[in-house]
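Chain by chain, the residues run as shown.
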Amino acid sequence: MNIIVTGGAGFIGSNFVYHMLNKYPDYRIICLDKLTYAGNLSTLEPVMSNPNFRFVKADICDKAAVDKLFEEEKPDIVVNFAAESHVDRSIENPQIFLETNIIGTSVLMDACRKYGIKRYHQVSTDEVYGDLPLDRPDLFFTENTPIHTSSPYSSSKAGADLLVLAYHRTYGLPVTISRCSNNYGPYHFPEKLIPLMIIRALHDESLPVYGDGLNVRDWLYVEDHCKAIDLIIHNGKVGEVYNVGGHNEMANIDIVKLILKELGKSEDLITYVTDRAGHDRRYAIDPTKIHNDLGWLPETKFADGIVKTIKWYLENESWWQPIISGEYMDYYQKMYGDK
Ligand code: NAD
Ligand code: DAU
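A word on the pattern of salt bridges
Across all of its chains, the model carries 23 salt bridges by this definition. In this structure, the salt-bridge partner of Glu-72 is Arg-54, at a minimum N-O distance of 2.9 Å. Pair noted here: Glu-72 is in helix 3 (residues 63-73) and Arg-54 is in strand 3 (residues 53-57), with a separation of 18 residues, a long-range link. In this structure Glu-72 comes out as partly exposed when scored by relative accessible area, which is 39%. Note that Lys-118 is salt-bridged to Asp-76, the shortest N-O span being 2.8 Å. Of this pair, Lys-118 sits in the loop between helix 5 (95-115) and strand 5 (119-125) while Asp-76 is found in the loop between helix 3 and strand 4 (77-80), placing the two residues 42 residues apart along the sequence. For Lys-118, a relative accessible area of 56% corresponds to the exposed category. Relative accessible area serves as the criterion here: at 18%, Asp-76 is assigned to the buried category.

Here you go:
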């Protein structure tokens, strides 16, 4: 089995590359990644010499490069993780989100049509459903919840999802889509809540909590997401959408306090800052379909996963230290300077 994994040098994609190489020693995994600010080749260093692994630096929007790779590798499956993924950046500059997340998806699917494919899998997000109110804990996102987006990021992901389903209906492309909740774990880029707070707390720096800190996210350990995608590409039904989430809702402020407690740091580091524009209030996934149809259940409890994650950041400073210098500092100053 030849599998092209796009965005495999990023957070979830790299965890997926490791999961697949470990679980299927006879599969060939080809990682196609543009290595944007969020892609990091050092993450994949341990597998670079694995004969079943190949890394190709390319942009999913580059039709010639994508076609060349398909001709060379004749993939059976494509799993598309490649995306601009950070909501705050999409508010600053929507354009690149439309290019990578929508045009890039169409380029990949056109190659799938041209060269033939057993499965195209689109890694999507629960953010396509918009948000839920805090005072209705009985409400959850199901696969039938209407698309109703808030940010340029989620709109670009929703646009891509619609295109994927259109390619299935119009051209018969064998597609599946997963819509997952917030992931956490190793190799998470330190612009996102959990790694940002861990690293800033370690340096005794202020922890910028948006708004009132009561926004709720539904956290899933990244390995559980990878296992869900593995199940979907092997056993999922073509043309279907699967929601992925572990019923683990937490308010941002509680996550931040938990991190401070684990690190033995003072809550005085918490600083409430101006809210994110259009900030979604609550995400909560109903994972009944993937559980009933494919037998998926999350395996890592949040209490264990967050301790494992903090430990990983403590032990892997050599991974994040180079990231948080230079360009990243400019980013932090630009995004948080006026907040
Ligand atoms: P990430 O930002 O950590 O990684 C994205 C990767 O894609 C990087 O390696 C980057 O170099 C690569 N990339 C970006 N533009 C590219 C392009 N034009 N061509 C080729 N490669 C390109 O993202 P992530 O958090 O790992 O998210 C991966 C996917 O999962 C995204 O599609 C995202 O929408 C989705 N998702 C993320 C979460 C989450 O909590 N992080 C939850 C649900 C869904
Ligand atoms: O739900 C899935 C989505 O989760 C993915 O599709 C996105 O790619 C991924 O980035 C993530 O989006 P969020 O916006 O939920 O993640 P983020 O880590 O940016 O923020 C989590 C929450 O924490 C959110 O309510 C905003 C808040 N926050 C974030 C940052 C970076 C803060 O309060 N302070 C911060 O500095």
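Structure's up, so let's keep going.
Some points on the layout of surface pockets
Rolled over the atoms, a probe with the dimensions of a water molecule shows which regions are left empty. Looking at the second largest pocket, its volume works out to about 330 Å³. Taken together, 15 residues make up the lining of the second largest pocket; nearest its centre are Tyr-37, Arg-89, Glu-327, Tyr-331 and Lys-334. Contributing elements (two or more residues each) for the lining of the second largest pocket: helix 4 (87-92), helix 5 and helix 13 (327-336). When residues in the lining of the second largest pocket are grouped by element, the largest group, 6 residues, is from helix 13. Here the lining of the second largest pocket is composed, by residue class, of 8 nonpolar, 1 polar and 6 charged.

Considerations on the site of ligand 2
For ligand 2, the set of nearby residues contains 25 residues, the closest of which are Thr-125, Asp-126, Tyr-153, Arg-276 and His-279. At 2.6 Å, a side-chain N or O of Arg-276 approaches an oxygen atom of ligand 2. Taking Tyr-336, its side chain carries an N or O atom lying 2.7 Å from an oxygen atom of ligand 2. Burial of ligand 2 by the protein chains amounts to 95% of its free accessible area of 690 Å². Broken down by secondary-structure element, the contributors of at least two residues to the shell around ligand 2 are helix 7 (193-202) and strand 8 (207-210). Class assignment for the residues of the shell around ligand 2 results in 11 nonpolar, 8 polar and 6 charged.

A closer look at the nonpolar core
In this structure, Ile-3, Phe-16, Ile-29, Phe-53 and Val-79 are the most contacted members of the largest nonpolar core, which totals 66 residues. With 7 residues, helix 1 (residues 11-23) is the largest single contributor of residues to this core. Core analysis: the next-biggest nonpolar cluster, separate from the first, contains 31 residues, Leu-32, Ala-82, Tyr-120 and Val-175 among them.

Concerning unusual backbone geometry
With a phi close to 55 degrees, Asp-204 is a non-glycine residue in the positive phi region. Tracing the chain through its elements places Asp-204 in the loop between helix 7 and strand 8.

Rules behind the numbers
Chains are numbered independently. Their residues run from 1 in the order of the written sequence. Going through the entries in the order they are written, you letter the chains from A and number the ligands from 1. In keeping with the predicted nature of the model, local features appear solely for residues at pLDDT of at least 70, side-chain atom pairs appear and are counted solely at 80 or more, and the whole-chain, interface and lining totals rest on all residues. As a rule here, side-chain values cover all heavy atoms of the structure and leave hydrogens and water aside. Salt bridges are counted wherever a side-chain nitrogen of Lys or Arg sits within 4 Å of a carboxyl oxygen of Asp or Glu. Put simply, DSSP marks the helices as runs of H or I at least four residues long and the strands as runs of E at least two long, and each gets a number from the N terminus on. Only protein chains enter the calculation, and the probe is 1.4 Å; a residue is then buried if its accessible area is under 20% of its type maximum, exposed if over 50%, and partly exposed in between. Using a 1 Å grid laid over the protein atoms alone, points where a 1.4 Å probe fits but cannot get out form a cavity; open sets with protein on both sides within 12 Å along at least 5 of 7 lines form a pocket; any residue with an atom within 4 Å of a point counts as lining. Grid points are joined across faces, edges and corners, and a volume is the space filled by probe spheres set on the points. Polar here means any residue other than Ala, Val, Leu, Ile, Met, Phe, Trp, Tyr, Cys and Pro, which are nonpolar, and Asp, Glu, Lys and Arg, which are charged; Gly is therefore polar. Whether a residue is near a molecule or strand depends on its heavy atoms: it is near if one of them lies within 4 Å of it. Polar contacts here mean pairs of N or O atoms no more than 3.5 Å apart (in protein, one a potential hydrogen donor and the other a potential acceptor; neighbouring residues in sequence count only if both atoms are side-chain atoms). Only the protein chains shown count as cover for residues, and all accessible areas are computed by the Shrake-Rupley method using a 1.4 Å probe. Among buried residues, the Ala, Val, Leu, Ile, Met, Phe, Trp, Tyr and Cys ones that are joined through side-chain atoms within 4.5 Å form a nonpolar core.

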